[in-house]
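# Architecture and fold: a report
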Amino acid sequence: MDTLTIPPSNGARRGSLACVGLGMTLGSHLTPLARSHIEQADVVFAALSDGVVELWLERMHPDVRSLHPYYAEGKSRRVTYQQWVDVMMTEVRAGKRVCGVFYGHPGVFAWSPHKVIEVARAEGFHAHMEPGISAEDCLYADLGIDPGRFGCQHFEASQLLFYERRIDPTGYLVLWQVGLVGDLSLTRFTTGSAYRQVLVDVLAQDYPLDHEVLIYAAATLPIQRPDIQRVALRDLPTIAMTAKETVVLPPAAPLKQNRLIRARLAALDEQLVAESA
Ligand SMILES: C[S@@+](CC[C@H](N)C(=O)[O-])C[C@H]1O[C@@H](n2cnc3c(N)ncnc32)[C@H](O)[C@@H]1O
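Looking up the protein in an unreviewed UniProt entry gives the name Tetrapyrrole methylase domain-containing protein, with the organism given as Rhodanobacter glycinis.

What follows covers the site of the ligand. For the ligand, the set of nearby residues contains 21 residues, the closest of which are Gly104, Val108, Ser134, Ala135 and Ala218. For the shell around the ligand, the residue count by class is eleven nonpolar, eight polar and two charged. Both of domain 1 (16–133) and domain 2 (136–249) provide at least three residues apiece to the shell around the ligand.

Another aspect to go through is the sheet that holds strand 2 (residues 43–47). A sheet is described by the order of its strands in space; here five strands give the open sequence 3-2-4-1-5, paired in parallel fashion. A strand with exactly one partner marks an edge of an open sheet, and here the two such strands are strand 3 (64–66) and strand 5 (126–130). Direction aside, neighbouring strands of the sheet carry axes that sit 20° apart on average. Here five bridges tie strand 2 to strand 4 (residues 97–102), and the two strands are oriented parallel to one another. For Val44, the partnering residue across the bridge sits in strand 4 and is Cys99. Contacting strand 1 (16–21), strand 2, strand 4 and strand 5, helix 1 (residues 32–40) runs over the sheet at an angle of about 140° to strand 1. Where helix 4 (residues 111–122) meets the sheet, it contacts strand 1, strand 4 and strand 5, and its direction lies at approximately 160° from that of strand 1.

What counts, and at which threshold
- Residues numbered from 1 in each chain as written.
- Predicted model: local features only at pLDDT ≥ 70, side-chain atom pairs only at ≥ 80, totals over all residues.
- Near = placed C-beta within 6 Å.
- Nonpolar A, V, L, I, M, F, W, Y, C, P; charged D, E, K, R; others polar.
- Domains from an automatic or database assignment.
- Pairing = 2+ DSSP bridges.
- Helix = DSSP H or I, 4+ residues; strand = E, 2+ residues; numbered from the N terminus.
- Axes fitted to C-alpha atoms, helices over the stretch in contact; angles between N-to-C directions.
- Contact = placed C-beta atoms within 7 Å.

Here it is in structure tokens:
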């Protein structure tokens, strides 16, 4: 039991937490609410896309603590992300207003923000997640994709290899963290082309090898343009990748009519007409 927390007078414990998203592009994606959480915090923790963005955040608050030093080559990211939760909770338990700032959306493909909010709430602290503009949002805008048109599946690329998943090639398929696909150890920041070849082999069960694949990187600085590469699926292993790319597979087959359900709905329509006649 921590001794630093001042007992509540009204049932709520002192100390609070907000996990906010900074969006993808420096300067232009920050919402007024996220900014206000940052400015009103006692301490700010930051997991951002690059150092320049961190410098920009430092202009908003005098006590910004980077979470990046907890990463290390050969160290499991599971350990790193638990440490992020622990350092943020230490300050919450000490009665501070804590703001965790994450690039993109804090709840999209990000374990620590969800976990720390869960822990804080379980201990009786007020905790809130403030959404941000994620890579997914930018992707829809930059690639001109409407996920509602054919449907859209999102997978963490390694999960697609480690587990038996059902891909629907009549919709869009969005793959995250392809740059480190297949890293069972969770200790590497990139895996090589041999690992991406395994991914291609799995995808080839549902897509032809000449199917066009989009490799997408959103602009993180206002001076940049989004980077969009189009390659055949078979060439995916040859493309250099960092932690910043998301891979999109457009639909490879037309939507198939569900004749049974259509007939059932038509019968319902006829019944409705008959009843109202
Ligand atoms: C740990 S997730 C973080 C996602 C982030 N929370 C968000 O809201 O977009 C990291 C993955 O996000 C995607 N990503 C990160 N930066 C990106 C960028 N600049 N453009 C496109 N995708 C990006 C990549 O798939 C990357 O492997």
